[in-house]
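# Summary of structural features
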Amino acid sequence: MSIIILGIESSCDDTGAAVISDGLLLSNVLASQKVHEEYGGVVPELASRAHQQNIVPVVDTAIRRAGISKNDISAIAFTRGPGLLGSLLVGTSFAKGMSLGLHIPIIDVNHLHGHVLSHFVREQENDEVPEFPFLCLLISGGNSQLILVKSPFDMEILGQTIDDAAGEAFDKCAKVMGLPYPGGPHIDRLAAEGDPTRFKFAKPRIDGLDYSFSGLKTSFLYTLRDNVKVNPDFVKENMADLAASLQRTIIDILIDKLDKAVKLTGVRTVAIGGGVSANSGVRQAVAQYCDRHGLKAFIPKRMFTTDNAAMVAIAGYFKYQKKDFCHYDAAPYARVTL
Ligand code: KG4
């Protein structure tokens, strides 16, 4: 009999539900919350309320699109953390209630595990998945980590940011350029038309595999401040070059440490994940790096880069096979590492 997992994701501002049968994706539904746009960032209380409104129709749609009945589900996997507590509580409580009603187990999923394991979601039977061990560059709004993935349950963080995450560097620099939140996708779009060599920003000098992005942010700010003093229209006139130079610097920082990690571990497979892995420049740079070094690259489809429930369902599928279920007293957690 097939193992059918319903995955539920509600850690931030997207309500997601997905159904996976023996690792094959049957449906993947996501309701993004528009309510935060006018505030320039996610407002936790509004996010929880929107999750409450969205969760029933989103789960219902996922089950219908999968062409199954709720009685076919083997277990429900949900994101337990990290994330916004109120938002996580909606998904956690819903999963518990539904599992009690259906008499099936629940499986708690670490959101970061989900991002790493998203590469195992297959849309077609013959879709390729990474072989263990592989290196995963997990880059999002809250994390920048280099992870050695030895098995679905054995992951070692080799390096991580000591200050801002890569996504924060994109978003904070975009904000001072007057771009809407989140700024990453806007920088990506503008960078395509700019000269990446026009401006030089500071790069960190940190030993080992840890990242740092706060120096770059400060150097970006100073460049803007010094130039705006002379020409108040500096930012408007140089949007594309600023975006391209910023993006180039972030990519250089990411690839520099990735290269060190590849040499240190000797792995032959590299995967990327998290919101920033949607960036066109990052995707191209990682693909080219892997090509040059004869490595296998796993670049996720854009829909699997940001928060989604398919990755929660696949992480749940791995845990289901070990009968690693969770108790009803499991509370969500705001912070957790891998
Ligand atoms: O993984 P994610 O959806 O959730 C958080 O960890 O918050 O990542 C969101 C981050 C934001 O910083 C956003 O600006 C960034 O991913 N992002 C991008 C792009 N798309 C999303 N950054 C650069 N280029 C993009 N195309």
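This section reports on the structure supplied with the text. What you are looking at is a predicted structure, and each value in this text was computed from that prediction instead of being measured.

Here the focus is the site of the ligand. Neighbouring the ligand are 18 residues, the closest being Gly 141, Asp 171, Asp 188, Gly 275 and Asn 279. For the ligand, an oxygen atom lies 3.4 Å from a polar atom in the backbone of Gly 167. Between Asn 279 and the ligand, the recorded distance is 3.0 Å, taken from a side-chain N or O atom to a nitrogen atom. Going through the elements one at a time, helix 4 (166–176) and helix 5 (184–191) are the ones with two or more residues in the shell around the ligand. Class assignment of the residues belonging to the shell around the ligand gives a composition of five nonpolar, 10 polar and three charged.

All right, on to the pattern of salt bridges then. Within this structure, the stated rule accounts for 18 salt bridges. The partner of Asp 241 in a salt bridge is Arg 198, and the shortest N-O contact between them spans 2.7 Å. A residue pair is termed long-range when its members are at least 10 positions apart, and Asp 241 in helix 8 (residues 239–265) and Arg 198 in the loop between helix 5 and helix 6 (214–230) qualify at 43 residues. Here Lys 236 ties to Asp 233 by a salt bridge, and the two come within 3.8 Å at their closest N and O atoms. With relative accessibility at 34%, the residue Asp 233 sits in the partly exposed group.

The biggest cluster of nonpolar side chains holds 48 residues, and the ones touching the most others in it are Met 177, Phe 213 and Leu 242. Among the elements that make up this core, the one with the highest residue count is helix 8 (13 residues). Those residues in contact with Met 177 that sit more than four places away from it in its chain are Ile 187, Phe 220, Leu 224, Val 235, Met 239, Leu 242 and Ala 243. Counting 33 residues, the second largest nonpolar core, distinct from the first, contains Val 109, Phe 120, Cys 136 and Phe 318.

With that settled, the discussion passes to the packing of aromatic side chains. The description of an aromatic ring pair uses the distance of the two centres, along with the angle that the planes make with each other. Taken as a whole, this structure holds 10 aromatic pairs when the rule is applied. Each ring, one from Phe 120 and one from Phe 132, has its centre 5.3 Å from the other, and the planes form 15°; the classification is stacked. Here Phe 132 lies in the loop between helix 3 (111–117) and strand 6 (134–139) and Phe 120 lies in the loop between helix 3 and strand 6, a separation of 12 residues in the sequence. A centroid spacing of 5.8 Å and a plane angle of 80° characterise the contact between Phe 199 and Phe 234, whose relative ring orientation is edge-to-face. In this pair, Phe 199 sits in the loop between helix 5 and helix 6 while Phe 234 sits in helix 7 (residues 234–237), placing the two residues 35 residues apart along the sequence. A relative accessible area of 6% means that Phe 234 is categorised as buried. The rings of Phe 120, Phe 132, Phe 134, Tyr 317 and Phe 318 are connected pair by pair, giving a single aromatic cluster. Directly above the aromatic system of Tyr 222 lies the positively charged group of Arg 225, at a separation of 4.6 Å from the ring centroid. For the cation-ring pair, Lys 296 lies above Phe 298, with the distance from its terminal atom to the ring centre recorded as 5.7 Å.

Parameters and conventions
- Residues numbered from 1 in each chain as written.
- Predicted model: local features only at pLDDT ≥ 70, side-chain atom pairs only at ≥ 80, totals over all residues.
- Heavy atoms only, no water.
- Near = heavy atom within 4 Å.
- Polar contact = N/O pair within 3.5 Å; in protein donor to acceptor, adjacent residues only side chain to side chain.
- Helix = DSSP H or I, 4+ residues; strand = E, 2+ residues; numbered from the N terminus.
- Nonpolar A, V, L, I, M, F, W, Y, C, P; charged D, E, K, R; others polar.
- Salt bridge = Lys/Arg side-chain N within 4 Å of Asp/Glu carboxyl O.
- Buried < 20%, exposed > 50% of the residue type's maximum accessible area, 1.4 Å probe, protein only.
- Core = buried A, V, L, I, M, F, W, Y, C linked by side-chain atoms within 4.5 Å.
- Contact = heavy atoms within 4.5 Å.
- Phe/Tyr/Trp six-rings, centres within 6.5 Å; stacked < 30°, edge-to-face > 60°.
- Lys NZ or Arg CZ within 6 Å of the ring centre and 35° of its normal.

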